[in-house]
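A look at the structure
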Amino acid sequence: MSRRKTMELKVGNVEIGGDNPISVQSMTNTDTRDIKSTINQIIDLEKAKCDIVRVAIPDIEAAKAIKEIKKETTIPIIGDIQFDYRLAIESVDNGIDGLRINPGNICSIRRVKEVVKACQERNIPIRIGVNSGSISKRALEKYDGVNENSMVYSALEHIKILEDMNYTNIKISLKATSVPLTIKSYLKMAEYVDYPFHLGITEAGPIWNGTVKSSVGIGALLAMGVGDTIRVSLTGDPVEEVRVGREILKSLNLLEDGIQIISCPTCGRTQINLVQLVEEVQSRLDHVDKPIKLAIMGCAVNGPGEAREADIGIAGGNGCGLIFKKGKIIKKVSEEKLIDELVKEVENI
C-alpha cells in the first residue's frame, strides 16, 4: 500500500512521519501525582512494547511529577493539557517529550505563544487534538453541526494559530466516536496539510466493543496509507490498548515483530481442545520476539494445506498432532507432547 507522505518529527527518541514505522501509543489511567503507580504502569506498557505514553496533567503537582517519572522510565512521555497554559510550560520545564493541547481552549493568543516558545526552545512537538466533542463554535455554526467539515475547519483554525508563530513541529488528531466520521475527517484533512496524523477512535468503549471499533476505524485508514501513530482507546487496562494496536499493525503487515498466530475457528471435525491449545501456546511463546507466523489448526484439513504459508504450525488430531513447517510435515507426536515439541521448534527457528 502507498503511504501518505508527511513531515517528520521526534517525540523523545521516537521518529514519527515520513517513512518511519507507525508507533503505538497508550495513556496511563493512574493519577499522575501518584508517582509510584504511574511509573509502574508505564513500565508495564514498556514491557508490552508501547512506543509512546500520554499522561494527564490536571494541575501543577502533576506537571512537577514528570521529572521523577522520567527518571524511572524510558519511553517518551506526552503531557495532556487542557485549559491552563501554565501546566504546559511546567511540564516542559520538567522534561516532557511532547504536548497534546487544544489551542482554542487556552483562551488567549498570548498564552499560546508562551507555550510555543517553551516548546521551540526544546524542540518539543505539539499534537493538536480535535475530537467530535471539542469542535469550535465557529466551525459548528459554519458547517451546521458535527461533521467532517466542521472537524477539519476547527483543526485548521488551531493549526493556523501555531503556524502564524512559525511553529510547525505539529502532529494532528481528529477523533470521533463514530468510525465513519473519523475516517472522513482524516481523509479530508489529508487534502490540506502534510503534518503527521495520530489515529484513534475516541471513547471506543470496553475492551471487546472498543477493539472492534478501533480495528475497523484505524485499520481502514492505515490500509489507505493514512496514519503515523495510533492509540486504541479502551475502557480497561492500558496494556490491552497496546496489544490491540500492535495486532492491528501486524494484520496489515505494518509491523513484523513477535509471533503472529493463525488459528482456525473450529468445527465438527475438531478432535482437540483448540481454544485451550491456542491460549497455552500464546502464553508459552509470549517471550519470543522473532517475526514468526504460527498456525494452530484443529484438524488435518486445516493443517499443512490451508496453513502452508505459516513458518511453523501444528494440526491437532485424535490423541496426536502433526508439526509442520512451510506446509511440510516434520513430525507426528502425542497430544500431551504437542505443545512442548512446538515450543522447542519455535525457539530453534
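Residues numbered from 1 in each chain as written. Predicted model: local features only at pLDDT ≥ 70, side-chain atom pairs only at ≥ 80, totals over all residues. Heavy atoms only, no water.

Section: the overall build of the chain
- Helix and strand counts for the chain stand at 12 helices and 15 strands.
- Buried residues in the chain amount to 53% of all 349 residues.
- At a minimum sequence separation of 6, the contacts of the chain that also span at least 24 residues come to 62%.
- Carbon together with sulfur atoms contributes 48% to the accessible area of the chain, which is approximately 16000 Å² in total.
- Between the mean site of the 46 positive side-chain charges and the mean site of the 48 negative ones, the chain shows a separation of 2 Å. (Helix = DSSP H or I, 4+ residues; strand = E, 2+ residues; numbered from the N terminus. Buried < 20%, exposed > 50% of the residue type's maximum accessible area, 1.4 Å probe, protein only. Contact = heavy atoms within 4.5 Å. Areas by Shrake-Rupley, 256 points an atom, 1.4 Å probe, with all protein chains shown as cover. Lys, Arg positive; Asp, Glu negative; His and termini not counted. Charge placed at Lys NZ, Arg CZ, Asp CG, Glu CD.)

With respect to the environment of Phe83
- Tracing the chain through its elements places Phe83 in the loop between β5 (77–80) and α3 (85–93).
- Look at Phe83 and you get exposed, because its relative accessible area is 56%.
- Considered as a pair, Phe83 and Gln120 are 37 residues apart in the sequence and their alpha carbons are 20 Å apart.
- Sequence-distant contacts of Phe83, defined by excluding residues within four places in its chain, comprise Asn105 and Ile106.

Considering helix α7 (residues 179–189)
- Every buried residue of α7 is listed here: Val179, Leu181, Thr182, Ile183, Ser185, Tyr186 and Met189.
- At its buried positions, α7 is contacted by α6 (148–163), β8 (170–175), β9 (198–199) and α8 (207–223).
- Where α7 begins, the capping side chain belongs to Ser178, and its oxygen is found 3.2 Å from the backbone nitrogen of Leu181. (Polar contact = N/O pair within 3.5 Å; in protein donor to acceptor, adjacent residues only side chain to side chain.)

What about unusual backbone geometry?
- Its identity is not glycine, yet Phe83 carries a phi of approximately 75°, on the positive side.
- Despite not being glycine, Glu203 shows a phi value in the positive range, around 50°.

Focus: the packing of aromatic side chains
- Enumeration according to the criterion identifies 2 aromatic pairs in this entry.
- When the ring of Tyr186 is compared with that of Phe197, the centres are 5.6 Å apart and the planes differ by 55°; the resulting orientation is tilted. Highlighted residues: Tyr186 in helix α7 and Phe197 in the loop between α7 and β9, separated in sequence by 11 residues. Both residues of the pair, Tyr186 and Phe197, belong to the buried class.
- Over the aromatic face of Phe197 sits the side chain of Arg4, whose NZ or CZ is 3.7 Å from the ring centroid. (Phe/Tyr/Trp six-rings, centres within 6.5 Å; stacked < 30°, edge-to-face > 60°. Lys NZ or Arg CZ within 6 Å of the ring centre and 35° of its normal.)

Quick notes on the domain arrangement of the chain
- Domain boundaries assigned for the chain yield domain 1 (8–252) and domain 2 (259–348).
- Each of domain 1 and domain 2 has a C-alpha centre, and these two points are 39 Å apart. (Domains from an automatic or database assignment.)

Comments concerning the sheet that holds strand β15 (residues 328–334)
- Strands sit in the order β11-β12-β13-β14-β15 across an open sheet of 5 strands; the sheet is mixed. Bordering the open sheet on either side are β11 (259–263) and β15, each of which pairs with just one other strand. In this sheet, neighbouring strand axes are inclined to one another by 20° on average, regardless of whether the strands run parallel or antiparallel.
- When strand β14 (residues 320–325) meets β15, the two strands line up antiparallel, connected through 6 bridges. Note that in β15 the partner of Phe324 across the bridge is Ile329.
- Taken strand by strand, helix α10 (residues 274–284) contacts β11, β12 (292–297) and β13 (312–316), and its axis lies near 155° from that of β12. (Pairing = 2+ DSSP bridges. Axes fitted to C-alpha atoms, helices over the stretch in contact; angles between N-to-C directions.)

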